[in-house]
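# Tertiary structure, described
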Amino acid sequence: MRHKKYYSALFTISVKVFFCFVVLSFIAASPYPDRVVLTWAGDPSDSQAVTWRTDRSVQRALAQIAVAEENGHDIRPTEVEAATTPFSSELGGEVCYHSVNFNGLLPGTTYAYRVGDGEVWTEWFHFRTASRKPEPFSFIYFGDAQADIKTYWSRIFHQAFRHAPDAAFTLHAGDLINRAENDEQWGEWFNAPGWVNASVPVIATPGNHEYSRDRYAESGSPGLSSFWQPQFAFPQNGPEGVKESCYYIDYQGVRIISLNSNEKQEEQEQWLRDLLSHNTQKWTIITFHHPIFSPKAGRDNEELRDLWKPLFDEFKVDLVLTGHDHTYARTHSEGTAYIVSVSGPKFYQLDKQEWMHRSAEKLQLYQIIRIDSGELVYEAYTATGRLYDKFTLEKQEGGKNLLMEEISDATM
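Below you will find a few notes about this structure. (Residues numbered from 1 in each chain as written. Predicted model: local features only at pLDDT ≥ 70, side-chain atom pairs only at ≥ 80, totals over all residues. Heavy atoms only, no water.)

## Description of the sheet that holds strand β9 (residues 137–142)
With mixed pairing, the seven strands of this open sheet are ordered in space as β11-β10-β9-β21-β22-β23-β24. If you trace the sheet from one side to the other, it starts and ends with β11 (202–204) and β24 (402–405), each paired once. Shown here is a sheet whose adjacent strand axes are inclined to one another by a mean of 20 degrees, direction ignored. Relative to β11, strand β10 (residues 170–172) runs parallel, the two sharing three bridges. Of the residues in β11, the one forming a bridge with histidine 172 is alanine 204. (Pairing = 2+ DSSP bridges. Helix = DSSP H or I, 4+ residues; strand = E, 2+ residues; numbered from the N terminus. Axes fitted to C-alpha atoms, helices over the stretch in contact; angles between N-to-C directions.)

Next comes the structure, spelled out in structure tokens:
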């Protein structure tokens, strides 16, 4: 009996030690680069940004890049020195974030790169630059991850990437994590996609959970997470005060616009008008966190709808991708298609409304969007890969898009 108690206590201690090790593996930095993530700070056809993290022992961070070769031994890289930002957090302690923006790249070309300090390097990763002209591509859209990221959200990401391994990028509609200043949760978010973030660029817009009362904006309201800018290198082409959270990227005939629905909405309205009025791309996709049509009971973002929807109507925006309400819903009207989705396991009650054509509650979903010339195909899938929703948008010269339903009422 005494031996059983001994082994039981030993087992309990071992489990706790293992748990602590797993938690620390998401937080503790070392000389070896982690949280490697591709984003765009410029034109996707000739540039690529990469950001990573190390401990403070790395004084000089480097990146190497070359056109990818069939034989790895033939890689002859160019070396680029990184910009380094010292950073500290309550859980993670003192670390450094490093960032490089590779410029002067060839369009439509596969590159190999790695990051390190000259002695300690990551493996070689690949990415492919965009074409300068419109060409078919796909991307994956995720609503809120937010909660139980390691345990439950990771499987959604894995399933989505298995489903669309050639996706040009992933798009995240806010609330990537639950607590804006929690290093452990950020570590879980980076760990779930693993090496994919280092090969498939990320586009993200901040949600309300990327805002913290530990930091305050000029207005005195909660401020954007201190992690946002050091770990994501997004374009600085947005309005003052919301750069790198409000921005746009042109990718192979599509203008992708991230709006920040948490603050400075009126300042963004004029910027958006100018941007849409000079839009040379065939398709326009806008993402922000708070939906202007809310599927959750007791929520209605009327002011945001009154401010931004007239612009969406005037300039015939094609697709609006949002999160926040932890349910699934999308409109049925022709013209702009409005989507609310959730990828994590935190759910709210659905309030069935007239504007919804397709809706769901208590479903983790990912969406694959494919664009080919004048056609956009949208598909929403469950965590097990079951098709839940599908429609096609067809461009109509000078008029509203034609929205063709491909899920019958009988399957709803």
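## Here's the deal with the nonpolar core
Formed by 68 residues in total, the largest nonpolar core has its most connected members in Phe139 and Phe169. In terms of residues, this core owes the most to one element, helix α2 (residues 149–163), which gives six residues. In terms of nonpolar packing, the next biggest core, distinct from the first, is built from 23 residues, Val242, Ile257, Leu275 and Leu350 among them. (Core = buried A, V, L, I, M, F, W, Y, C linked by side-chain atoms within 4.5 Å. Buried < 20%, exposed > 50% of the residue type's maximum accessible area, 1.4 Å probe, protein only.)

## Details of the pattern of salt bridges
Evaluation of the coordinates by the stated rule reveals 20 salt bridges. A salt bridge links aspartate 34 to arginine 53; its shortest N-O distance comes to 2.7 Å. A residue pair is termed long-range when its members are at least 10 positions apart, and aspartate 34 in strand β1 (residues 34–39) and arginine 53 in strand β2 (residues 48–55) qualify at 19 residues. On the basis of relative accessible area, arginine 53 is assigned to the buried category, the value being 0%. For aspartate 313, the salt bridge is made with lysine 309, and the minimal N-O distance between the two is 2.9 Å. Here lysine 309 and aspartate 313 lie together in helix α6 (residues 302–314), a separation of four residues that amounts to about one turn. Overall, the relative accessible area of 41% leaves aspartate 313 in the partly exposed class. Via salt bridges that share partners, Asp34, Arg35, Arg53 and Asp183 belong to a single interconnected network. (Salt bridge = Lys/Arg side-chain N within 4 Å of Asp/Glu carboxyl O.)

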